[in-house]
Amino acid sequence: IRKSKELIRQIKKASNRDVKITIVAPFSPKNQESKEELSKYVTTKNTSNQNSRFCVVDGQQSTVFLTDDKQTHPNYDLAVWMNSKYFADNLLSTV
């Protein structure tokens, strides 16, 4: 959710092209405003019991963040993008 301000423009564009995006993140009262803004364009799932960050697009592609953004400077945040329906389906089934 901390990346929502940086990504909202791209998320809006994708949503306007009927791209289905699911964001899985730990939601709390502190980030409720960001969640409400994102929910206009994406499906959100809460992972308050997990410390993970990932995004699944159209049930086909996924981005998995590899670093803990609380301990990593934003310039060094690292993620892997995969184009695999099998992986995306399995990733979503974990939440």
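Residues numbered from 1 in each chain as written. Predicted model: local features only at pLDDT ≥ 70, side-chain atom pairs only at ≥ 80, totals over all residues. Heavy atoms only, no water.

Some points on the confidence of the model for the chain
Right, so step 1: Taken as a whole, the chain shows an average pLDDT of 85; of its residues, 97% reach a score of 70 or greater.
Right, so step 2: Here strand β1 (residues 21-25) is the element of the chain with the lowest mean pLDDT, 82, and strand β5 (residues 79-83) is the one with the highest, 94. (pLDDT = per-residue confidence, 0-100. Helix = DSSP H or I, 4+ residues; strand = E, 2+ residues; numbered from the N terminus.)

Points about a nonpolar patch on the surface
Right, so step 1: Together, L66, L78 and V80 make up a nonpolar patch on the protein surface, roughly 250 Å² of accessible area in all.
Right, so step 2: Mapped onto the secondary structure, L78 falls in the loop between β4 (61-65) and β5. (Patch = residues over 30% accessible without salt bridge, like charges linked within 9 Å, V, L, I, M, F, W, Y side chains within 5 Å. Areas by Shrake-Rupley, 256 points an atom, 1.4 Å probe, with all protein chains shown as cover. Salt bridge = Lys/Arg side-chain N within 4 Å of Asp/Glu carboxyl O.)

Focus: the sheet that holds β4
Right, so step 1: Strands sit in the order β2-β1-β3-β4-β5 across an open sheet of five strands; the sheet is mixed. Each having just a single partner strand, β2 (43-46) and β5 make up the two edges of the open sheet. Geometrically, the sheet is characterised by an average inter-axis angle of 15° between neighbouring strands, direction not taken into account.
Right, so step 2: Pairing geometry for β1 and strand β3 (residues 54-57), over four bridges, is antiparallel. Within the sheet, the bridge partner assigned to T22 lies in β3 and is V56.
Right, so step 3: Here helix α3 (residues 85-93) sits on the sheet and contacts β1, β2, β3, β4 and β5; the angle it forms with β4, its principal contact strand, is near 60°. (Pairing = 2+ DSSP bridges. Axes fitted to C-alpha atoms, helices over the stretch in contact; angles between N-to-C directions. Contact = heavy atoms within 4.5 Å.)

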